[in-house]
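Read off the chains here:
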Amino acid sequence: MNSGRGVSVDELLDESRGEYLAGIIVNNAHPEYYCTLGENVREETPIYAAPDTATILAEACSAPLRDIEYSDAILEQLVSVDTWTQLVRGMQLHPLPVGHAPGAAGFLLEIPDGTDAHTLFVADECTIRRAAGYSGIGLDLPVAIDSLVLSGATADPFAPALTETLSIVCERAREDATVLVTADEPTGIHAAYLLGHLGKRLGSPFPITVTGRTATLCEQLGYSIPNVTRLPDAPPEKVLTPGTVAIAEPDAPVQGPAGQLFEALADDPEAAVLRLTRGVATPITAAQCMVQSFPWHNYPDPETLATVVEALAPVQVVLAERPTPEAEGIHLPDSFVWSIDDDLVYTLYDGTNWVAPAEIDPDAAQHIRQRATAYHDEPTPSEYELSLPLPVRTGTIDFAAEGLDVEVIQERLLPAESPDGSWRRSLPNGDPAGVDDGNSDDTTRTAEIQTASINTSLASLREQINYIESIVDGQKCQASVIDAGGDVCLFRVQDPPMVFEHGENVTLVLDTAEQVEEATHSEQENGSDPIDTLDEIL
């Protein structure tokens, strides 16, 4: 299930026990889910994915800059699954919607056991929320679930962070900044979908250009998003203009379309680069433009995870991928809960029963088993005439279902709205567009706009200030410069701090000569003694 960082089939399989790779299932097309796929694919081993995830994977394998080994083998063995499909003899799988990302899917596995059948639902990272139009996980599935496998990753509620992030994008575009949003392909599609519809909802949309594979995939997946233009191969000068938003991959703007666009605007102090990251973002400091990183952690919060488990009522819950403490702390009294935070092998089904962890009381385990099951005298799930839901996109935008609070964004942008509620953009001279010069509120409204702009600019400096503070993390000292000859320059620190140790390496941040001259001149004017030393920060 998935082929992420550090996954090695060779290490997982025990050939002495007759184990072999029957198939690879990919839940979604975030790069970390398939980055080692080429290393683990085996000859004639199918790679199963829901249709739109398969489309994104195929496009990634065709990209010249994506470092995926054996991409031809991946393309040849990729299987798009939209119905019951045989995994091995007698065992079938079916995709189900799970929200989280465009095209993402969980997989329901039907496992035969004589005349009975057991079900294993690998939902992985799931949300009840929609994701760029794709339905969230269903809480009323028409089949009973015996074992539910979920990612143990949880996060604080995503909706407020989503609303905040898109608010900032709108604010920067409204201020006529050139805005570049960088993200992986599924996240870029997700952001473009919400921003395009949001601009329409606000009444006066800003132009959005999607580039690179993200643009190609928007077309392949059938998206028609208001205010969004798809230009896969456009040069930077055609994409980067003030008051517009460009979206490109990858999230780290060091290569690909995002890298090209970042290079073109890095020296523009009025530009803004907003990175939508799924992991730890490496700071980018060698640029004059504003660079901010926003975690795009579209995971369920612990309460949502508990809601999903309660609704599906499985006998067994497996929290995989090193669960967070919040996930491990969820109280699920009606299911066995395996919280797996290591690489050991566990038996989940022993041929007779779903296995309970050792800490579960035997009487409680028996009660859970009796409560839970079974449809032993019913047809197996694959024989149901009732069709199961598929991970497909709905036709209309629903901001609440997506987790986006439009009212909060409208209130945040209020200084730039006209009395009728539509979004007013400022003219180049700073005056609000569309306001009669005779309006007595002009001065106040303009002041509000300028104040909001200043506040936003100050907020945008926080990340850079935090970075600087991480360097300037000690006391400021004065030192005399000593020329020791032979290209050796010594600094004699006045009143050295006790933390100094002989042979220790320290970092010096030196004032320029002009700054020292200005400081000396200022001290002379103020009547203080001039200094002939350099300031240094340790």
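Not measured: the values here are computed from a predicted model.

Conventions and cut-offs
Residues numbered from 1 in each chain as written. Predicted model: local features only at pLDDT ≥ 70, side-chain atom pairs only at ≥ 80, totals over all residues. Heavy atoms only, no water. Helix = DSSP H or I, 4+ residues; strand = E, 2+ residues; numbered from the N terminus. Buried < 20%, exposed > 50% of the residue type's maximum accessible area, 1.4 Å probe, protein only. Contact = heavy atoms within 4.5 Å. Areas by Shrake-Rupley, 256 points an atom, 1.4 Å probe, with all protein chains shown as cover. Expected span 1.5 Å × (residues − 1). Patch = residues over 30% accessible without salt bridge, like charges linked within 9 Å, V, L, I, M, F, W, Y side chains within 5 Å. Salt bridge = Lys/Arg side-chain N within 4 Å of Asp/Glu carboxyl O. Lys, Arg positive; Asp, Glu negative; His and termini not counted. Charge placed at Lys NZ, Arg CZ, Asp CG, Glu CD. Pairing = 2+ DSSP bridges. Axes fitted to C-alpha atoms, helices over the stretch in contact; angles between N-to-C directions. Core = buried A, V, L, I, M, F, W, Y, C linked by side-chain atoms within 4.5 Å. pLDDT = per-residue confidence, 0-100. Phe/Tyr/Trp six-rings, centres within 6.5 Å; stacked < 30°, edge-to-face > 60°. Lys NZ or Arg CZ within 6 Å of the ring centre and 35° of its normal.

## Description of the overall build of the protein chain
In terms of regular secondary structure, the protein chain is built from 17 helices and 20 strands. In the protein chain, buried positions account for 46% of the 538 residues. A separation of at least 24 residues holds for 67% of the contacts in the protein chain among residues at least 6 apart in sequence. Entry remark: accessible area of the protein chain is about 27100 Å², with carbon and sulfur atoms responsible for 49%.

## Remarks on helix α5 (residues 158-174)
Because each turn of an α-helix spans 3.6 residues, side chains separated by three or four positions end up pointing in the same direction. Here α5 contains 17 residues, and its C-alpha end-to-end distance of 24 Å stays within 8% of the 24 Å for a straight helix at 1.5 Å per residue. Where burial is concerned, most of α5 is hidden: 13 out of the 17 residues are buried. One or two positions beyond α5, positive phi appears at D176, with a value near 65 degrees.

## A few points about a negative patch on the surface
Residues E43, E44, D72 and E76 make up a contiguous surface patch of negative charge. The topology assignment puts E43 in the loop between α2 (37-40) and β2 (47-49). Take E43: its relative accessible area is 71%, and that puts it in the exposed class.

## With respect to the pairing of strand β5 (residues 91-97)
Of all seven residues in β5, six are buried, a share of seventy percent or more. The loop that links strand β4 (residues 85-88) with its antiparallel partner β5 comprises two residues; one of these, G90, has a positive phi angle of about 85 degrees. As paired elements, β5 and strand β6 (residues 105-113) share six bridges and run antiparallel to each other. Within the sheet, the bridge partner assigned to P95 lies in β6 and is F107.

## Regarding the sheet that holds strand β9 (residues 179-182)
Strand order in the open sheet formed by six strands is β11-β10-β12-β9-β13-β14, and the pairing between neighbours is parallel. The sheet terminates laterally at β11 (228-231) and β14 (290-295), the two strands that pair on one side only. For this sheet the average axis-to-axis angle between neighbouring strands, irrespective of direction, equals 20 degrees. As defined by bridge partners, β9 adjoins strand β13 (residues 272-277) across four bridges and the pair is classed as parallel. Bridge pairing in β13 places V179 opposite A272. Along the sheet face, helix α6 (residues 185-202) touches β10 (208-211), β11, β12 (245-248) and β13 and points at about 155 degrees away from the line of β12.

## Quick notes on the nonpolar core
Core analysis: the biggest nonpolar cluster contains 46 residues, and L198, Y223 and V245 have the highest contact counts within it. Apart from residues lying up to four places away in sequence, V245 is in contact with V169, A173, V179, V181, F206, P207, I208 and T209. Judged by nonpolar contacts, the second largest core, of 25 residues, contains I137, L141, L150 and L319.

## Some details on the sheet that holds strand β15 (residues 316-320)
Strands pair in a sheet through their backbones, by hydrogen bonds, and they do so in one of two ways: parallel or antiparallel. The strand order across the open sheet formed by seven strands is β4-β5-β6-β7-β8-β15-β16, and the pairing between neighbours is mixed. Pairing within the sheet leaves two strands with one partner each, and these edge strands are β4 and β16 (336-339). For this sheet the average axis-to-axis angle between neighbouring strands, irrespective of direction, equals 25 degrees. Sheet topology places β15 next to β16; four bridges connect them, and they run parallel. Bridging across to β16, Q316 finds its partner in F336.

## Concerning the confidence of the model for the protein chain
Predicted coordinates in areas of low pLDDT are best not read in detail. A residue-level look at the protein chain finds 76% of positions with pLDDT of 70 or above and a mean pLDDT of 80. Confidence drops under pLDDT 50 across residues 423-450; counting only partners more than four residues distant or on other chains, this segment forms 37 contacts. Low pLDDT, under 50, characterises residues 512-538; the predicted model gives this stretch 48 contacts beyond four residues in sequence or across chains.

## Some points on the packing of aromatic side chains
Under the defined criterion, the tally for this structure stands at four aromatic pairs. The interplanar angle of 75 degrees and the centroid separation of 5.5 Å between the aromatic rings of F158 and W296 together place this pair among those described as edge-to-face. A residue pair is termed long-range when its members are at least 10 positions apart, and F158 in helix α5 and W296 in the loop between β14 and α10 (302-312) qualify at 138 residues. For the pair F158 and W296, a shared accessibility class is recorded, and that class is buried. The residue whose ring lies beneath R393 is Y223, and the NZ or CZ to ring-centre distance is 4.0 Å.

## Description of the side chain of T45
For T45, the position within the fold is in the loop between α2 and β2. With a relative accessible area of 5%, T45 lands in the buried category. With sequence-adjacent residues up to four places away left out, T45 is seen in contact with L21, A22, G23, I24 and Q77.

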